[in-house]
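One-letter residues, chain by chain:
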Amino acid sequence: MQIKNQDKKIGLIEVIPETIDDLWHLSHIVEEGDYVSTLTTRRIQDKTSGKTRADRGVKKTFFLGIRVEKINFHKYTGMLRFTGIIESGPEDLVPLGSHHTINVQINNSIKIQKTWNKWSLERLNTAVKASKRPTEIIVAMEDNTTDLGIIKQYGIEYIGPIMGDISGKRQIQKDRKEKINQYYEEVTKTIQQHENINKLIIIGPGFTKNDYYNFLEDKYPNLAKKSILENTGSGGHAGIQEVLKNGLIESLSKDAKVATETASVNKLLEQIGKSSNTVIYGPKQVADAANMGAIEKLLVLDELVRNKNTQKTMNTVEYMGGKVEIISSEHDAGKQLQALGSIAAFLRFPI
């Protein structure tokens, strides 16, 4: 994310999203009632031309601003949409007061005017810093199937499965070796579609991951130097979740957001499982604990941050010297926190 311009007096910040992660951040920064404006394209019909309904009109591009009513982010398609009432634009082209949807595009600037709170500004700064973060990929291998987990700010982007056409061991050894190499080449080709790769975490329950690592050493030594092998009980999505939970990603990369968030939620669930009196969850219980100054660390689901009462609790925790961690709702750990009321805390003392 780039900050292009800002006017603090009127609460206006113009940003340029550069990745899908940035679109995800914007989906939580912008709230209902905010004003957003950008270049947009609309199909305009000439009402005076007398043409038939089959005439779809002409596409025209112009600046347009809306008061946001709905926000939709689809991580699988990489689409972010803001829908609302048009408040500014060329009146000869668009009727003010009508509804319009802005599709936010990567590398296109968008202006946001709102009452910025501390948490929105922090999230914006996080997005700016994260844009420089290198790519880390979990390569989950099991026999002739590989799944990739691209570590994003919002969670894991899954790619695959990548299938290898490898038959049984009775196949002629030369043919089998050729099929294995083709399979490994396909996996590597998919990995290389991602830029600025920092680490490959190659995981799986058997020896396939070791064979693939040897293949990289022979054919792609630069990737092999960035690779780490880790045993897991399974491959696929389950293996990726396993390696997230065991703390390896967190130890390798302190700024891998999904790993630190997963570790925090796992620690919370572990304490709950022990019936510990050092954790608490649920909006009312957490708010009461915050007012008592009892919270050491607060976990909040990102979807709840827009809530004014939640923001009050977050501010109270920080004022009392506690820490606040915002958990993404897009990964498994976030869904587990959501089941606990979307907010929980580690306590300094039992209450």
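Numbering of residues starts from 1 in every chain and runs along the sequence as written. Local features in a predicted model are, by the rule used here, given only for residues with pLDDT of at least 70; side-chain atom pairs are given and counted only at 80 or more, and totals for whole chains, interfaces and linings are based on all residues. Derived side-chain values reflect all non-hydrogen atoms in the structure, with water molecules and hydrogen atoms excluded from consideration.

Caption draft 1: Spatial organisation of the overall build of the chain. Secondary structure elements are defined from DSSP: runs of H or I of at least 4 residues count as helices, runs of E of at least 2 residues count as strands, and each element is numbered from the N terminus. Helix and strand counts for the chain stand at 11 helices and 16 strands. The principal-axis extents of the C-alpha atoms in the chain amount to approximately 75 × 70 × 30 Å. Exposure classes here rest on a 1.4 Å probe applied to the protein chains alone. A residue is buried below 20% of its type maximum, exposed above 50%, and partly exposed in between. When each of the 351 residues of the chain is scored for burial, the buried share is 46%. At a minimum sequence separation of 6, the contacts of the chain that also span at least 24 residues come to 65%. Carbon and sulfur atoms provide 48% of the accessible area of the chain, an area that totals close to 18400 Å². Charged residues are defined here as Lys and Arg on the positive side and Asp and Glu on the negative side; His and the ends of the chain fall outside this count. The atom standing in for a charge is NZ when the residue is Lys, CZ when it is Arg, CG when it is Asp and CD when it is Glu. Within the chain, the 43 negative side-chain charges are centred at a point lying 2 Å from the centre of the 48 positive side-chain charges. Contacts are assigned to residue pairs that have any heavy atoms within 4.5 Å of one another. Only the protein chains shown count as cover for residues, and all accessible areas are computed by the Shrake-Rupley method using a 1.4 Å probe.

Caption draft 2: A look at helix 10 (residues 308-319). One less than the residue count of a helix, multiplied by 1.5 Å, gives the span that helix is expected to have. Counted at 1.5 Å a residue, the expected span for helix 10 with its 12 residues is 16 Å, and the 16 Å between its end C-alpha atoms agrees. Elements that come into contact with the buried residues of helix 10 comprise helix 2 (118-130), helix 9 (283-291), strand 14 (295-301), strand 15 (323-327) and strand 16 (343-347). We define a polar contact as two N or O atoms separated by no more than 3.5 Å, with the added condition that, inside protein, one atom must be a possible hydrogen donor and the other a possible acceptor, whereas residues neighbouring each other in sequence contribute only through side-chain atom pairs. One side-chain oxygen at the N-terminal end of helix 10 lies 2.8 Å from the backbone nitrogen of Asn309; it belongs to Asn307. Once helix 10 finishes, Gly321 follows within two positions and takes phi at roughly 90°, a positive value.

Caption draft 3: View of the side chain of Thr262. Of note, Thr262 is situated in helix 8 (residues 257-273). On the accessibility criterion, Thr262 (5% relative accessible area) is buried.

Caption draft 4: Molecular detail of the nonpolar core. Grouped together as the largest cluster of nonpolar side chains are 26 residues, with contacts concentrated most on Val15, Leu26, Val36, Phe82 and Val104. Secondary structure elements with two or more residues in this core: strand 2 (12-16), helix 1 (20-29), strand 4 (58-74), strand 5 (79-88), strand 6 (99-104), strand 7 (110-113) and helix 2. When residues in this core are grouped by element, the largest group, five residues, is from strand 4. Throughout, nonpolar core names a set of buried Ala, Val, Leu, Ile, Met, Phe, Trp, Tyr and Cys residues whose side chains join them through atoms within 4.5 Å. Core analysis: the second largest hydrophobic core is formed by 21 residues, Leu148, Ile197, Tyr213 and Ala224 among them.

Caption draft 5: Summary view of the pattern of salt bridges. Think of a salt bridge as a Lys or Arg side-chain nitrogen and an Asp or Glu carboxyl oxygen that are within 4 Å of each other. Inspection of every chain in the model, using the stated rule, returns 11 salt bridges. Lys114 serves as the salt-bridge partner of Glu31, at 2.8 Å between the closest nitrogen and oxygen. On the criterion of sequence distance, the pair formed by Glu31 in the loop between helix 1 and strand 3 (35-44) and Lys114 in the loop between strand 7 and helix 2 is long-range, its members being 83 residues apart. Residue class for Lys114 comes out buried when judged on its relative accessible area of 8%.

Caption draft 6: Spotlight on the sheet that holds strand 12 (residues 227-231). A pair of strands is treated as paired once DSSP finds two or more bridges between them. The strand order across the open sheet formed by five strands is 10-9-8-11-12, and the pairing between neighbours is mixed. Each edge of the open sheet carries a strand with a single partner, namely strand 10 (156-163) and strand 12. Taking the axes of each pair of neighbouring strands and ignoring which way they run, one obtains an average angle of 20° across the sheet. In this sheet, strand 10 lies alongside strand 9 (residues 145-151) in antiparallel orientation, the contact comprising six bridges. From the neighbouring strand, Ile150 faces strand 10, where its bridge partner is Glu157. Throughout, an axis means a line fitted to C-alpha atoms (over the contacting stretch in the case of helices), and angles, computed between N-to-C directions, take values from 0 to 180 degrees.

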